[in-house]
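A structural walkthrough
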Amino acid sequence: MDAATLSREQLDALAEQIANLSLRIDLTKHALLTHLRQFAAHEGWANSGFVSLPAWLSWRIGISLTTAREYVRVAEALGRMPIVDAAFAAGQLSYAKVRAITRAATPGTEQGLVDMAMHATGSQMDRLCAGYERTRVDPRTAKLGTQSSLRRTTLPNGMVRLEVQLTP
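Residues numbered from 1 in each chain as written. Predicted model: local features only at pLDDT ≥ 70, side-chain atom pairs only at ≥ 80, totals over all residues. Heavy atoms only, no water.

1. With respect to the overall build of the protein
Cut-off, in case you're wondering: A run of DSSP states H or I qualifies as a helix once it reaches four residues; a run of E qualifies as a strand once it reaches two. Both are numbered from the N-terminal end. Every radius of gyration here is taken over C-alpha atoms, with the globule rule written as 2.2 Å times N^0.38, N being the number of residues. Accessibility here uses a 1.4 Å probe with only protein chains present; expressed as a share of the type maximum, an area under 20% marks a residue as buried, one over 50% as exposed, and anything in between as partly exposed. By the convention used here, residues are in contact when the closest approach between their heavy atoms is within 4.5 Å. Surface accessibility follows the Shrake-Rupley procedure with a 1.4 Å probe radius. Residue values consider only the protein chains on display as shielding. Positive charges come from Lys and Arg alone, negative charges from Asp and Glu alone, with His and the N- and C-terminal ends not counted. All charge positions are set by atom: Lys at NZ, Arg at CZ, Asp at CG, Glu at CD.
Each helix and strand counted, the protein has 7 helices and 2 strands in total. Listing each helix as α and each strand as β along the protein from the N terminus yields α-α-α-α-α-α-α-β-β. In terms of overall dimensions, the protein is more spread out than a globule: its C-alpha atoms have a radius of gyration of 20 Å, far above the 15 Å expected for 168 residues. With respect to the principal axes defined by its C-alpha atoms, the protein has extents near 70 × 40 × 30 Å. Considering the protein as a whole, with its 168 residues, one finds that 27% of them fall into the buried category. Taking as baseline every contact in the protein between residues at least 6 positions apart, the subset at least 24 positions apart corresponds to 46%. Within the structure as shown, the protein displays about 11,200 Å² of accessible surface, and the carbon and sulfur contribution to it stands at 57%. Averaged over its 19 positive side-chain charges, the protein has a centre that lies 8 Å from the centre of its 15 negative ones.

2. A word on the packing of aromatic side chains
We apply this condition: Aromatic pairing here means that ring centres of Phe, Tyr or Trp (its six-membered ring) are within 6.5 Å. Orientation follows from the plane angle: under 30 degrees is stacked, over 60 is edge-to-face, and everything else is tilted. The rule for a charge over a ring is simple: NZ of Lys or CZ of Arg within 6 Å of the ring centre, and within 35 degrees of the ring normal.
All told, the structure shown has 4 aromatic pairs when counted by the stated rule. Here the aromatic residues Tyr71, Phe88 and Tyr95 are joined through ring pairs into a cluster of three or more. Lying over the aromatic face of Tyr95, Lys29 brings its terminal NZ or CZ to 4.7 Å of the ring centre.

3. A closer look at the confidence of the model for the protein
Stated precisely, the cut-off is as follows: As a per-residue measure, pLDDT reflects the predictor's confidence and takes values from 0 up to 100.
This prediction gives the protein a mean pLDDT of 91; 92% of its residues lie at or above 70. Within the protein, strand β1 (residues 149-154) has the poorest average pLDDT of any element, 85, and helix α4 (residues 82-89) the best, 98.

4. Regarding the side chain of Asp26
Stated precisely, the cut-off is as follows: The rule for a salt bridge is simple: a side-chain nitrogen of Lys or Arg has to be within 4 Å of a carboxyl oxygen of Asp or Glu.
Inspection of the secondary structure puts Asp26 in helix α1 (residues 8-41). Look at Asp26: it is buried, it has no salt bridge, and the nearest opposite charge is Lys29 at 6.5 Å. Setting aside chain neighbours within four positions, we find Asp26 in contact with Phe88, Leu93, Ser94 and Tyr95.

5. Considerations on empty space enclosed by the protein
Note the following rule: Here a cavity is any set of points on a 1 Å grid over the protein atoms alone where a 1.4 Å probe fits but cannot get out, and a pocket is any open set with protein on both sides within 12 Å along at least 5 of 7 lines; a residue lines the site when it has an atom within 4 Å of a point. Grid points are joined across faces, edges and corners, and a volume is the space filled by probe spheres set on the points. Three classes are used, and their members are as follows: Ala, Val, Leu, Ile, Met, Phe, Trp, Tyr, Cys and Pro are nonpolar, Asp, Glu, Lys and Arg are charged, and the others, Gly among them, are polar.
In total, this model carries 1 cavity of 30 Å³ or more according to the counting rule given. What the largest cavity holds in volume is close to 30 Å³. In this structure, the largest cavity is lined by Arg134, Arg151, Thr153, Arg161, Leu162 and Glu163. Looking at the lining of the largest cavity, the elements that each hand over two or more residues are β1 and β2 (160-165). Among the residues forming the lining of the largest cavity, the class breakdown is 1 nonpolar, 1 polar and 4 charged.

6. Considerations on a nonpolar patch on the surface
Here is the rule we go by: Each patch is built from residues lacking any salt bridge and having more than 30% relative accessible area; the joining distance is 9 Å for like charges and 5 Å for nonpolar side chains (Val, Leu, Ile, Met, Phe, Trp, Tyr).
A surface patch of nonpolar side chains, amounting to about 530 Å² of accessible area, comprises Leu150, Val160, Leu162, Val164 and Leu166. Sorting elements by how many residues they give to the nonpolar patch places β2 first, with 3 residues. Among the secondary structure elements, Leu166 is positioned in the segment after β2. Note on Leu166: relative accessible area 65%, which makes it exposed.

7. Observations regarding unusual backbone geometry
Note: most residues except glycine have negative phi, and most peptide bonds are trans. The phi torsion at Glu43 lies on the positive side, around 50°, for a residue other than glycine. Mapped onto the elements, Glu43 comes out in the loop between α1 and α2 (53-61).

Here you go:
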């Protein structure tokens, strides 16, 4: 049926179906990542001839190695972030938001980032978490400027940004 012939009610119903399908995908993605974390904990891939879990996952479910690495990273992070994991399992957070949060959250910031994610888009959470990650200072490290460091950040367009801090 051509979109020009759909009534407002039909379009609203279609919009609702799209949202419901997206929710089902996210709930299924949570289950996938939970199973993946358990599979990793038991090294289920180890005797398969692959050099790593992401390599096995890429082959097994037909995704890119980059995507497989990200699934493994997020799966492992969810095991350390019970608040994010619970919100994702309940369908309150999309995978896109979870992926962003797991890059930046700490035990002390997890709840705040989840609260923000409830009112933000996935893209907004990407930017917010990337900015937070760049400005976060670990109080256990020496004062800024007194130790050398190298930070690698993958930008949204795939480019890589290197930030180097050297002592005088």
